[in-house]
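Topology and contacts: notes
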Amino acid sequence: CEFTIGEIISDTEIRYKADDETKKDVENLSKKLAEQMESNANLPFKIFPKIDQKEVYAEVYKRLLDGGAISIFPEGGSHDQTKLLPLKA
């Protein structure tokens, strides 16, 4: 399935240019994905709710203000770059 991006609408949405056959392929793929999303049991991963980190950051600030130290362990991942990846929180 090949198509040309016609417009980038947002970080998560595009409008594409395609012939009728490709449009049909994309529609079928979208339907399959929607069916999978209806049943999380079919997904190879779990979706976790957003975690409020206010308490964690409050303790970090308290420890630093008291002259203490903290350790930061970035999220797992492998790469071959010579610099650190951005920290996610």
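The structure we're discussing is the one just above.
Residues numbered from 1 in each chain as written. Predicted model: local features only at pLDDT ≥ 70, side-chain atom pairs only at ≥ 80, totals over all residues. Heavy atoms only, no water.

A surface patch of negative charge is lined by Asp19, Asp20, Glu21 and Asp25. Examined against the element boundaries, aspartate 25 turns out to sit in helix H1 (residues 20-38). (Patch = residues over 30% accessible without salt bridge, like charges linked within 9 Å, V, L, I, M, F, W, Y side chains within 5 Å. Areas by Shrake-Rupley, 256 points an atom, 1.4 Å probe, with all protein chains shown as cover. Salt bridge = Lys/Arg side-chain N within 4 Å of Asp/Glu carboxyl O. Lys, Arg positive; Asp, Glu negative; His and termini not counted. Charge placed at Lys NZ, Arg CZ, Asp CG, Glu CD. Helix = DSSP H or I, 4+ residues; strand = E, 2+ residues; numbered from the N terminus.)

Because the α-helix completes a turn every 3.6 residues, residues three or four places apart line up on one side. With twelve residues, helix H2 (residues 54-65) ought to run about 16 Å at 1.5 Å a step, and its terminal C-alpha atoms sit 16 Å apart, in line with that. Positioned one or two residues after H2, glycine 67 has a phi angle of 85 degrees, which is positive. (Expected span 1.5 Å × (residues − 1).)

Okay, the pairing of strand E1 (residues 4-8) next. Relative to strand E2 (residues 14-17), E1 runs antiparallel, the two being bridged by four bridges. By the bridge assignment for E2, isoleucine 5 is matched with tyrosine 16. (Pairing = 2+ DSSP bridges.)

Counted according to the given criterion, the structure contains one salt bridge. With its nearest N and O atoms 2.6 Å apart, the salt bridge here joins arginine 15 to glutamate 7. Its relative accessible area of 38% is what places glutamate 7 among the partly exposed residues. (Buried < 20%, exposed > 50% of the residue type's maximum accessible area, 1.4 Å probe, protein only.)

What follows concerns a nonpolar patch on the surface. Taken together, the side chains of Ile5, Ile8 and Ile14 present a nonpolar region at the surface, about 300 Å² in accessible area. Within the secondary structure, isoleucine 8 is located in strand E1. Relative accessible area serves as the criterion here: at 64%, isoleucine 8 is assigned to the exposed category.

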